[in-house]
Each structure stands twice: as C-alpha cells, then as structure tokens.
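Residues per chain are reported as follows:
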Amino acid sequence: MPAFFVQFIVLAMLALCSLFIGVADLSPSGIFRMNSEQIDILSISRIPRLCSVIVAGASLSVAGLIMQRITRNRFVSPTTAGTMEWCKLGVMAAIICMPEASSAMRVFGAFAVSLAGTFFFMAVAGKVQNRGIILVPLVGIMMGGVVNACSTFFAYKYDIIQNMAAWLQGNFSLVIAGNYELLYFSVPLMFAAYFYADRFTIAGMGKNTATSLGLNYKSIVNIGLVLVTVISSITVVGVGNIPFVGLVVPNIISIFKGDSVKNILWDTAWFGAALVLLCDIACRVIIYPYEIPIGVVLSIIGSFIFLGLLTRKPRHA
Amino acid sequence: MISTENISKKYRSELVLKGVSTILPTGKIIAFIGSNGAGKSTLLNIISRLIPPSEGSVVIDGKKTSLWNTGDLAKTLTILGQSPQSETRITVKDLVSFGRFPHSNGETTPDDERAVAEALNITGIETLKDRYIDELSGGQRQMAYIAMSVAQDTKYILLDEPLNNLDMGRSVKIMKLMQKLVKEKSKTIFVVVHDINFVSFYADYVLALKDGILKYQGETESIMRPEILSDIYDIDITVENYRGKKICIYYK
Ligand SMILES: Nc1ncnc2c1ncn2[C@@H]1O[C@H](COP(=O)(O)OP(=O)(O)OP(=O)(O)O)[C@@H](O)[C@H]1O
Ligand SMILES: [Mg+2]
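This structure is a prediction, so every number in the text was calculated from the model and none was measured.

Caption draft 1: How the structure looks around the overall build of chain B. For chain B, the count of helices and strands is 10 helices and 12 strands. Taken over the C-alpha trace, chain B has a radius of gyration of 18 Å; the compact-globule value for 252 residues is 18 Å, and the two agree within 12%. Projected onto the principal axes, the alpha-carbon positions of chain B cover approximately 50 × 45 × 35 Å. Looking at chain B residue by residue over its 252 residues, the buried ones come to 54%. At a minimum sequence separation of 6, the contacts of chain B that also span at least 24 residues come to 65%. Total accessible area on chain B stands at roughly 11,400 Å², and carbon and sulfur atoms take up 47% of it.

If you want it as structure tokens, here you go:
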C-alpha cells in the first residue's frame, strides 16, 4: 500500500517537527542524551500537544464529512452550520450554572445545546434548501453569529469573559498532560463513523433512494448529527473552536477520491490531521518565540478555500 | 402480489389520486400510462412506501406497506424514481453496489459481487464502472441507476420513466432487459413509459390514469385502441397494425 505508506511518512515527519519546535531547547540529535527536564517537556507538553492536534484535526474533518453527506450540501460543516457556536454557548451555560463544572460536564452542556441548535439549523435548512445550495451555509453562519453574540453578552454579564476567551479562538498552546485526554473520546466516534459509512453515503443520495434501499433515513440523519455534535463538543471543550477544518478537508479529498464515506474516511482523517498539524507548526514559527492562535490561521486559510469552492464550476450540467 | 385498496392522495386541498383500487398481476411488464400530472409517479411512490397515501392502503404479498419492515421490503421491492439526482460523487461501481445494501448491510459477500458484476454486464455499462456519476452523460447516469435497481434483485421492480434521456437503441435495450428479467427471473416490473409504442411492443399489461383516476386497465392489446388512447392523452390517435403489433400514430 504505497499511498498509505506515503501518508504515514508525511504525518511522521510533521509530528517530528512538531515535537522539536518550541521555546524550550530540544533537538532530535539529543534524543538519546536527554536530561529529566527535557523528558518532562516531551511527556507533559509536546506529546500531549501533538496528540491533541492529530485527534482534533482528524475528528473534525470526519465530522464535516458526515455533515456534508447528511445535509446533501458540500458547504455545510460544524463551522458553517453554527454547531461550534452552539457548543460555545453550551460550555458557557455549563460554567454559569456550575462554576466548578468538570470537563465532562462542560462537554455535556456543549453537546445538549449544540444538538438542539443543530436540529434547529437542520429544520431551517430543510425549508430553504430548494432556494440554492449556498443559502444553507449562509443561514448557518448567520445563526452562528447570533448565537455568538448571545454568548458574548452573557459572558460579560456574568463576568466570565476572560474564561471564555480561551474558547473564542482555538488554541493548542494550553494543552498539557492531564487536561486534554478527553479528546481521545473522539477516536471511537471515528470508528462509529466508519461503521455507518455506507449508510451516510446512501442518505446523501436522497431520502427516496435511501428508503428504496431499506434505510430508515431519519434515524441515519439523527445518528450522524449526534456523532457530529459530540465530536464538536469534545473539541471545543478540549482545545476550543478550530474553524473550517470540517469544511475544507472533505471537499479537497472529494476532488481526488469522490464522496463515498467508506472510501475516503481514512484519507479525510489523515488529511485533517496533517493540515492542522502543519498549521500548528506554522503558528509556532511565524512569530517565534511567540505563537499565533491556530484559529486565526485556519480562519484565514479556510475562508480563502471556502471562497474558491464557492466559485468553482459545477461539475455537471 | 400487490393490490391497492381505495388509495387517494391529497396535496393541500387538491386530490391528485382518487380512490385507486386494483389488483396488479405478477410476472409481467406492467406499464403505467397517462398524461403529465395524471398521478403516475404519485401512485408508484405510494405503492413503494416513499410517500404515505392520504387514504386507503397498499398490500404487498399479503401485508400492508405500513406493517412491512422497511429493510425487508427493500429485499422484495425496489423503486427507481423519476430522474434521480444526486450531488454525491461516487463511482458507477459504488452506486451499483449500493443496490446490494439491503442484502449485505455493507458486508459484501461474493454473491453480492457477482450480482453487481452481472448488473453492470447486462446493462452494458462495464466500461463506465470506474467513472464518477457526476461526470456521466444524462443517459449514462440513467443506465447506472437502472443497473443499481437490477443489482438489488427484488421480486418487484418499479421504474418511473426509466427511458428518460435514453436514445432509441438504449431504450429498446432496457425494454428487452425487462422482458428477460420477467422471463428468466420471474420478476414483476412496473414501469412508467410515455412513448406509447414502447408500451405496445413490450408491455404485457397496462394501467391508464387520467386526472388521478385509474380509468382503464387490461392486457396491452385491449388498451391499444384509438378511443381509449385519445381519451387518455386528449389528442387524436390512429392505431395501425404492424407485424402483428399495434402501432400508434399521433403526429399531425
Ligand atoms: N409534492 C407535491 N406537492 C403538491 N402537488 C404535487 C406534489 N407532487 C405532485 N403533485 C401534483 O400531483 C399531480 C400528479 O403528479 P405526478 O407526479 O404523480 O404526475 P405524473 O403522472 O407522474 O406526471 P409526469 O408524467 O409529468 O411525471 C400533479 O398535478 C402534481 O402537480
Ligand atoms: Mg411522473
């Protein structure tokens, strides 16, 4: 499997770069002569950061892929559907109601609110679907904007704006051993996505085709939405809002390998991980020794690619 | 056997299907005819549980559609909608393989692979199998969808205007394929066809709808009569004999 091999090498090289970039001095040549302080840096900070980047990038891409299939719209993703904004609102609600809320409680708050919000989005999307494929993500972005404004308002009102800032822009620099492990729950969710892969693809071909093939269309859509909102919630609580990954990664993969979820799930996860890893490295070296939040970089790259996708010629008449 | 009991369909206050009761024959090609908006697609969609009737019920092999498990029904009956459209970018082979989904649930067996290969073969689209469906011509895409329905290998096959977009040669090929499926695999095929001469040459049995009412039904011979066809299509139609078949002339 040469393609798989190449993918592995690319990811491994990026991972090595990621491990050895940083303020604290650590170099690959010194790997066998590390003192205990250097080992600590690796195990407490660098390796957790690497793992969180990989898991977040891969799982958000998979979430975007699922969302694009079940909404039958390639411009929909956790970012453009407003799901991430609903997650933030949920986290904030959890913090306000229970200031001592554990991460798990925060994920639960994010999940409950974003699930409701995303269902609301789906209902609105269903109404405007026939008026153009572009309208659906626009509605999502608009609703996300309103939700975001609400979150900011309450954050000021309850004086937790400092606390919230961390979620406004995704950031991997705060990841250390002990505070990110929650992210690993996204891994089994990706396996669940693989189990349902064909069903998501078939649901993407429309309700009638799906029903004729014996699927319960509604329940497949609901399962997909639950997977997407859980992944988004875990990511927002773990590392914050990582925008546009779920939008651009599946679209780029689609150009080369099509849309069949089963065929492209691995490539999507890989590319998502590699892209976020690359951006994370860029964030750390551009204004070294300082860091740019990855949310900023991804927003810039993502919105340009989004524009490119919007203006791309439709593939068939 | 499939029968309908007094099914009606209402959109807002408009009745588009009015009390259709019939027992459909099996082991035949059954053509549904009628002018645009007569209710053919609505009837087919109700029979195949894609839309619920406003009144009445459909019984398939002794069980009402509402009581069927949808997965089990997909092993018994398939429907190919009028001009299926999908933005999903998948290959022809993947599309046809999805026809096996009700049987395989995603775990493809050698039997499934054989059925897919055979469907690609008898529809003559083997050479297209690695192409993406969004990069095919309208007729090629139509053939791919037909192949998917064939691969599903169900007792009842419902096809809503399968000849859409197809040239004459392909249309004849599809009608012959239907005859073959009926003869060799004892399938029952319901098909909406607008070209009345295709009906005359290939269908065994005809149901004619007008304004939501099932107005005529019977063996093809008995329906191919000028007064019936003129009534259904609201134009003058002359029927001539040609090599033992009826041929309809409606060009003026
Ligand atoms: N979703 C809908 N909402 C409202 N009216 C509908 C809907 N679907 C169909 N109709 C109406 O029901 C009637 C029957 O439609 P149907 O699609 O069954 O016709 P048809 O016989 O298949 O026509 P064609 O040959 O053009 O395909 C038409 O008058 C149509 O306008
Ligand atoms: Mg129709």
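Caption draft 2: Up close: the site of ligand 1. Residue and element names in this part refer to chain B. In the vicinity of ligand 1, 13 residues are found, and the nearest of them are Gly-37, Lys-40, Ser-41, Thr-42 and His-194. Measuring from an oxygen atom of ligand 1, one finds a side-chain N or O atom of Ser-41 at 2.7 Å. For ligand 1, an oxygen atom lies 3.0 Å from a polar atom in the side chain of Gln-82. In isolation ligand 1 exposes 640 Å². Once the protein is present, 65% of that is buried. In terms of residue count, the dominant contributor to the shell around ligand 1 is helix H1 (residues 40–47) (three residues). In terms of residue class, the shell around ligand 1 is built from three nonpolar, eight polar and two charged.

Caption draft 3: Layout of the pairing of strand E9 (residues 205–210) of chain B. Residue and element names in this part refer to chain B. With six of its six residues buried, E9 lies for the most part within the structure. Of the two faces of E9, the one lined by Tyr-205, Leu-207 and Leu-209 and the one lined by Val-206, Ala-208 and Lys-210 are each fully buried. Pairing between strand E3 (residues 29–33) and E9: four bridges, direction parallel. Bridged to Ile-30 within E9 is Tyr-205. The pairing of E9 with strand E10 (residues 213–219) spans six bridges and is classified as antiparallel. If you follow Leu-207 over to E10, its bridge partner there is Gln-217.

Caption draft 4: Region of the structure containing the pattern of salt bridges. A complete count under the given rule lists 21 salt bridges over all chains for this structure. With its nearest N and O atoms 3.1 Å apart, the salt bridge here joins Glu118(B) to Lys185(B). Note that Glu118(B) is positioned in helix H5 (residues 110–122) and Lys185(B) in helix H7 (residues 168–185), a separation of 67 residues in sequence. Glu118(B) sits in the partly exposed class, given a relative accessible area of 36%. Given a relative accessible area of 35%, Lys185(B) falls into the partly exposed group. Between Asp167(B) and Arg170(B) there is a salt bridge, with its nearest N and O atoms 3.2 Å apart. Residue classification places Asp167(B) among the partly exposed positions, given a relative accessible area of 39%. Three or more residues joined by partner-sharing salt bridges are found here, namely Arg49(A), Asp280(A), Arg284(A) and Glu291(A).

Caption draft 5: Fine view of the interface of chain B and chain A. Contacts between the two partners involve 29 residues from chain B, matched on the other side by 28 residues from chain A. Approximately 2,300 Å² of surface area, both sides summed, lies buried where chain B meets chain A, with 54% of it carried by carbon and sulfur atoms. On the chain B side of the interface with chain A, the three residues burying the most area are Arg89(B), Phe98(B) and Phe101(B), jointly 28% of the side's total. Linking chain B to chain A there are 13 residue pairs in polar contact (both at pLDDT 80 or more). Among the elements of the structure, helix H2 (70–76), strand E6 (77–80), helix H3 (92–98), helix H4 (101–104) and helix H6 (138–152) of chain B are those that each provide at least two residues to the side of chain B that touches chain A. The biggest single contributor to the side of chain B that touches chain A is H6(B), with four residues.

Caption draft 6: Expanded view of the coordination of the magnesium ion (ligand 2). Coordination of the magnesium ion (ligand 2) by the protein is provided by Ser41(B) (OG) and Gln82(B) (OE1), with metal-donor distances spanning 1.9 to 2.1 Å. Placement of Ser41(B) in helix H1 and of Gln82(B) in the loop between E6 and H3 is noted, with a sequence separation of 41 residues between them.

Quick notes on the rules
Residues numbered from 1 in each chain as written. Chains lettered and ligands numbered in written order. Predicted model: local features only at pLDDT ≥ 70, side-chain atom pairs only at ≥ 80, totals over all residues. Heavy atoms only, no water. Helix = DSSP H or I, 4+ residues; strand = E, 2+ residues; numbered from the N terminus. Rg over C-alpha atoms; globule rule 2.2 N^0.38 Å. Buried < 20%, exposed > 50% of the residue type's maximum accessible area, 1.4 Å probe, protein only. Contact = heavy atoms within 4.5 Å. Areas by Shrake-Rupley, 256 points an atom, 1.4 Å probe, with all protein chains shown as cover. Near = heavy atom within 4 Å. Polar contact = N/O pair within 3.5 Å; in protein donor to acceptor, adjacent residues only side chain to side chain. Nonpolar A, V, L, I, M, F, W, Y, C, P; charged D, E, K, R; others polar. Pairing = 2+ DSSP bridges. Salt bridge = Lys/Arg side-chain N within 4 Å of Asp/Glu carboxyl O. Buried area = accessible area lost by both parts, 1.4 Å probe. Donors = N, O, S within 2.8 Å, 3.2 Å for Na, K, Ca; no water.

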